[in-house]
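Each chain, written out:
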Amino acid sequence: MRRRMTDLSDLAALPEADLLVLSADSTGITELVNAHCVTTETAWLNVCYVNDIAVWGPLIVPGKTGCWSCRPLTAQAPSGNAELDALISRINRRYQAPSHGPTNMLSSALASLDALKYLGDFGFVQSLGRRVGVWTHELRLDEQPSIPDPDCPTCGPLQP
Ligand SMILES: [Zn+2]
């Protein structure tokens, strides 16, 4: 079944799971999935690419790691300027990011490996609490920690 997810009530239809994996590129979907997973205390993992960078993580475990809202890991749309926000929204609706098969394969393979390690409770989960990227044109690795924010409006109350 194909269904557009636009608010938290849409995500309530998702079955319970030990790990939710998100690979989607619509405005606001990561924040929506994060809010759902923090509320349901479901671990989740984001998988994507940014141009030629294979990206996976952070693997977020509510109550144990920071969440997507603790620290912005991606560019944020400007706020406070309704005209500019509307223009960006209109452009983004039509935007189709260039997709590169080998980069997508790399991010999905590394995310799958982390999912297996997390679910099987073995090895080192590279993306646990951090976003990892492999720059495919130079084979450089970068990471951005997802640092828990005790004042985070989404997960702050769950933090120890
Ligand atoms: Zn948070």
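Refer to the structure presented above.
Described below are features of the structure shown in this document. (Residues numbered from 1 in each chain as written. Predicted model: local features only at pLDDT ≥ 70, side-chain atom pairs only at ≥ 80, totals over all residues. Heavy atoms only, no water.)

Focus on the overall build of the protein
Stated precisely, the cut-off is as follows: In this text, helices come from DSSP runs of H or I with a minimum length of four residues, and strands from runs of E with a minimum of two, each type numbered from the N-terminal end. This radius of gyration counts C-alpha atoms alone. The globule rule is 2.2 Å times how many residues there are, raised to the power 0.38. A simple rule labels every residue: compare its accessible area, found with a 1.4 Å probe on the protein chains alone, to the largest value its type can have, and call it buried under 20%, exposed over 50%, or partly exposed in between. Two residues qualify as a contact provided that any one of their heavy atoms is within 4.5 Å of a heavy atom in the partner residue.
Counting secondary structure elements, the protein contains four helices and five strands. Going residue by residue from the N terminus, the α and β elements of the protein occur as α-β-α-β-β-α-α-β-β. For 160 residues, the compact-globule estimate of 2.2 N^0.38 gives 15 Å, and the C-alpha radius of gyration of the protein, at 16 Å, lies within 12% of that figure. Counting only C-alpha atoms and orienting by the principal axes, one finds that the protein spans roughly 50 × 40 × 35 Å. Across the 160 residues that make up the protein, the buried fraction comes to 36%. Here the contacts in the protein between residues at least 6 apart in sequence split such that 61% fall between residues at least 24 apart.

Considerations on the sheet that holds strand β1 (residues 19-22)
For clarity, the cut-off: Two strands are said to pair when DSSP picks up at least two bridges between them. Each axis is a line fitted through C-alpha atoms, taken for helices only over the stretch in contact, and angles between the N-to-C directions span 0 to 180 degrees.
Within the open sheet, the five strands sit side by side as β1-β2-β3-β4-β5. Their pairing is mixed. Edge strands, defined here as strands with exactly one partner in the open sheet, are β1 and β5 (140-145). Neighbour-to-neighbour, the strand axes of this sheet turn through a mean angle of 15°, independent of strand direction. Sheet strands touched by helix α4 (residues 101-120): β1, β2 (43-50), β3 (53-60) and β4 (130-135). Its angle to β3, the strand with the most contacts, is close to 25°.

Focus on the packing of aromatic side chains
Just so we agree on the cut-off: Geometry of aromatic contacts follows a simple scheme: Phe, Tyr and Trp rings, the Trp one being its six-membered ring, pair when their centres are within 6.5 Å, and the pair is stacked under 30 degrees between planes, edge-to-face over 60, tilted otherwise. Lysine and arginine charges are scored as sitting over a ring when NZ or CZ, respectively, is within 6 Å of the ring centre and within 35 degrees of the ring normal.
Enumeration according to the criterion identifies one aromatic pair in this entry. Consider the rings of W44 and W68, whose centres lie 5.9 Å apart with planes at 45°: the pair is tilted. In this pair, W44 sits in strand β2 while W68 sits in the loop between β3 and α3 (82-94), placing the two residues 24 residues apart along the sequence. For the residue pair W44 and W68, the accessibility class agrees, reading buried in each case. In this structure, R140 packs its charged tip against the face of W135, placed 4.4 Å from the ring centre.

Side note on the pattern of salt bridges
Convention followed: Take a side-chain nitrogen of Lys or Arg and a carboxyl oxygen of Asp or Glu: if they are within 4 Å of each other, that pair is a salt bridge.
By the definition in use, this model includes three salt bridges. Two residues, E143 and R130, come together in a salt bridge whose shortest N-O distance is 2.4 Å. Pair noted here: E143 is in strand β5 and R130 is in strand β4, with a separation of 13 residues, a long-range link. We note a salt bridge from R140 to E138, for which the minimum N-O separation is 2.5 Å. Through salt bridges with shared partners, a single ionic network connects E138, R140 and D142.

Regarding the side chain of T103
Structurally, T103 can be placed in helix α4. Assessed through its relative accessible area of 1%, T103 is described here as buried.

Remarks on the coordination of the zinc ion
Keep this limit in mind: As a rule, N, O and S atoms within 2.8 Å of a metal are its donors, except that Na, K and Ca use 3.2 Å; water is not among the atoms, so sites may look incomplete. Only two sets of limits are used to name each site, 85 to 135 degrees for every angle of a tetrahedral four-donor site, and over 155 degrees for opposite donors with all other angles from 65 to 115 for a square planar four-donor or octahedral six-donor site, with any other site named irregular.
On the protein side, the zinc ion has C67 (SG), C70 (SG), C152 (SG) and C155 (SG) as donor atoms, found 2.3 to 2.4 Å from it. Around the zinc ion, the four donor atoms are arranged such that angles at the metal cover 94 to 127°; this shape is classified as tetrahedral. Within one chain, the residues serving as donors to the zinc ion are arranged as C-x2-C-x81-C-x2-C. Residue C67 is found in the loop between β3 and α3, and its partner C152 is found in the segment after β5; the two are separated by 85 residues along the sequence. Residue classification places C67 among the buried positions, given a relative accessible area of 1%. Judged by its relative accessible area of 3%, C152 is buried.

Things to note about the pairing of β1
When a strand is regular, its side chains alternate between the sheet's two faces. Let me state the cut-off plainly: Handedness of a crossover is defined as follows: with both strands directed away from the viewer, a clockwise route from the first strand across the helix to the second makes it right-handed.
Strand direction decides the pairing type here: β1 and β2, joined by four bridges, are parallel. Each residue of the ladder has a partner; that of V21, found in β2, is L45. Once the chain exits β1 it traverses helix α2 (residues 29-40) before rejoining the sheet at β2, and the crossover so formed is right-handed.

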